[in-house]
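# Descriptive analysis of the structure
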Amino acid sequence: LKARSSPIASRNEFSWEPCRGFELMPSAGVSVRGCSALLRAFAASRAKHAMRDFSGQLRTAVSKRCFERQITIPSPVAARLRHGDLLFASEPLDMTLPLDRAIKEVGTATTKWLTDHGATYSGDDTAEHVAIVVADGSGHAASVVEAVRLLGVRVIPLEAFFTEFVSGTRFFHGRVKDVSTEQRREAVSYALLRTGAAYAHDFAPPCPLATTPWSQEFYCSSLVDYAYRSALKQDLVFTDDPFPLIFEPRSFWEEYYKSQGQEMPAGIGSNPTMLLHSHKVTYSELDLSMEEPKEEIHELF
């Protein structure tokens, strides 16, 4: 997979080339985020034999998830979004695919960890991605800043964020509680300053010794986590206890990373579902299908 544009571009196009004897030829303008973890497995594979276990899943899932749609954001939805708010995405998962089942199990294990540590939440919603809303000078939500695989930290228009997900994706609007306007502004500034930073494929925390902000590495939820840690000047914001990286079922993820010549990541971190159900966040589902309010016409004569 070869990128032909900058990580901070508002639109990113890619070209496919045969890799390790395994070909995929989707149409031009393919969406990186829609491919999710499947693209990581494809792009980072180290040997031809390692792809055999995933090739069937990849051929099906890439064609299902990687395409573009046109979405118009209803004005009532856009009006709800503030500078520093969070946008979560939960893509439809195919439970016949082992990788999708594992992704779902990670979300379930996350909510269980939160419950075991005293958190209360309603529902069983999970998310696979999170981004930060960026407002324009007039206060209207205009774009998002996010960390995505292969591209790293980038800024894209709000419409592009929704467009890049497959039909059937659920979106949630999150708001960080008990923060001031200035603290939200500081969190967004922290994330924007890291535009162009690489994606943290090993899910490690950003290096505090980095000489420049964009030489650090982030994954989607760590960008949000550390942005608000910086703004609130707290070591932990979204949980009371350090959150361990969760990979369930372990046997699947161990084999998954082994096939890429890597060890399974370990340590402390975050994930979108943890942020979604954090005591520090209130959230609700967005309805992108709602109709625009009809304009009232008043006759003067």
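Reference entry: report on the structure contained in this document. (Residues numbered from 1 in each chain as written. Predicted model: local features only at pLDDT ≥ 70, side-chain atom pairs only at ≥ 80, totals over all residues. Heavy atoms only, no water.)

Next up on the list: the overall build of the chain. Looking only at helices and strands, the chain features 9 helices and 10 strands. By the burial criterion, 49% of the 301 residues in the chain qualify as buried. For the chain, the share of sequence-separated contacts (at least 6 apart) that also reach a separation of at least 24 residues comes to 71%. Approximately 14500 Å² of the chain is accessible, and the part contributed by carbon and sulfur atoms is 52%. (Helix = DSSP H or I, 4+ residues; strand = E, 2+ residues; numbered from the N terminus. Buried < 20%, exposed > 50% of the residue type's maximum accessible area, 1.4 Å probe, protein only. Contact = heavy atoms within 4.5 Å. Areas by Shrake-Rupley, 256 points an atom, 1.4 Å probe, with all protein chains shown as cover.)

To continue, consider the packing of aromatic side chains. Within the structure shown, the criterion is met by 18 aromatic pairs. Ring geometry for Y190 and F218: centres 6.3 Å apart, planes at 85 degrees, overall edge-to-face. Residue Y190 is found in helix α6 (residues 181-193), and its partner F218 is found in strand β9 (residues 217-218); the two are separated by 28 residues along the sequence. Since its relative accessible area comes to 12%, Y190 is described here as buried. Ring pairing ties together the aromatic residues F203, Y219, F247, F252, W253, Y256 and Y257, which thus form one cluster. The ring of Y190 has R194 lying over it, and the distance from NZ or CZ to the ring centre is 3.5 Å. The ring of Y226 carries R229 above its face, with NZ or CZ at 4.4 Å from the centroid. (Phe/Tyr/Trp six-rings, centres within 6.5 Å; stacked < 30°, edge-to-face > 60°. Lys NZ or Arg CZ within 6 Å of the ring centre and 35° of its normal.)

The subject of this paragraph is the nonpolar core. Counting 51 residues, the largest nonpolar core has L86, F88, I132, V224, Y228, F238 and W253 as the members making the most contacts within it. When sequence neighbours within four positions are dropped, the list of residues in contact with V224 reads L86, V130, I132, F238 and L275. One finds L87, V133, A160 and F165 within the second-largest nonpolar core, a separate group that totals 18 residues. (Core = buried A, V, L, I, M, F, W, Y, C linked by side-chain atoms within 4.5 Å.)

Position of T169 among the secondary structure elements: in the loop between α5 (158-163) and β7 (170-176). Accessibility expressed as a relative area gives 12% for T169, which makes it buried. Side-chain polar atoms of T169 contact the backbone oxygen of V166, separated by 2.8 Å. (Polar contact = N/O pair within 3.5 Å; in protein donor to acceptor, adjacent residues only side chain to side chain.)

You can see R194 is positioned in the loop between α6 and β8 (198-199). Here R194 falls in the buried class, since its relative accessible area comes to 10%. In the structure, R194 is positioned 48 residues away from E146 in sequence and 9.8 Å away in space, judged by C-alpha atoms. Looking at R194, its side chain comes within polar contact range of the side chain of Q216, at 2.9 Å.

Glancing now at the pattern of salt bridges. On inspection of all chains with the given rule, the structure shows 10 salt bridges. The residue R170 makes a salt bridge to D125 at a minimum N-O spacing of 3.1 Å. Taken together, the residues R170 in strand β7 and D125 in the loop between α4 (98-116) and β4 (129-135) connect sequence positions 45 residues apart. For R170, a relative accessible area of 32% corresponds to the partly exposed category. As a salt-bridge pair, E285 and R170 come within 2.9 Å of each other at their nearest N and O atoms. (Salt bridge = Lys/Arg side-chain N within 4 Å of Asp/Glu carboxyl O.)

Strands sit in the order β6-β5-β4-β3-β7-β10 across an open sheet of 6 strands; the sheet is antiparallel. Looking at strand neighbours, the two that pair on one side only are β6 (152-157) and β10 (281-285), the edges of this open sheet. If you compare each strand with its neighbour and ignore which way they point, the axes differ by 30 degrees on average. Inspection of the sheet shows β4 paired to strand β5 (residues 141-148) by 4 bridges, in the antiparallel sense. (Pairing = 2+ DSSP bridges. Axes fitted to C-alpha atoms, helices over the stretch in contact; angles between N-to-C directions.)

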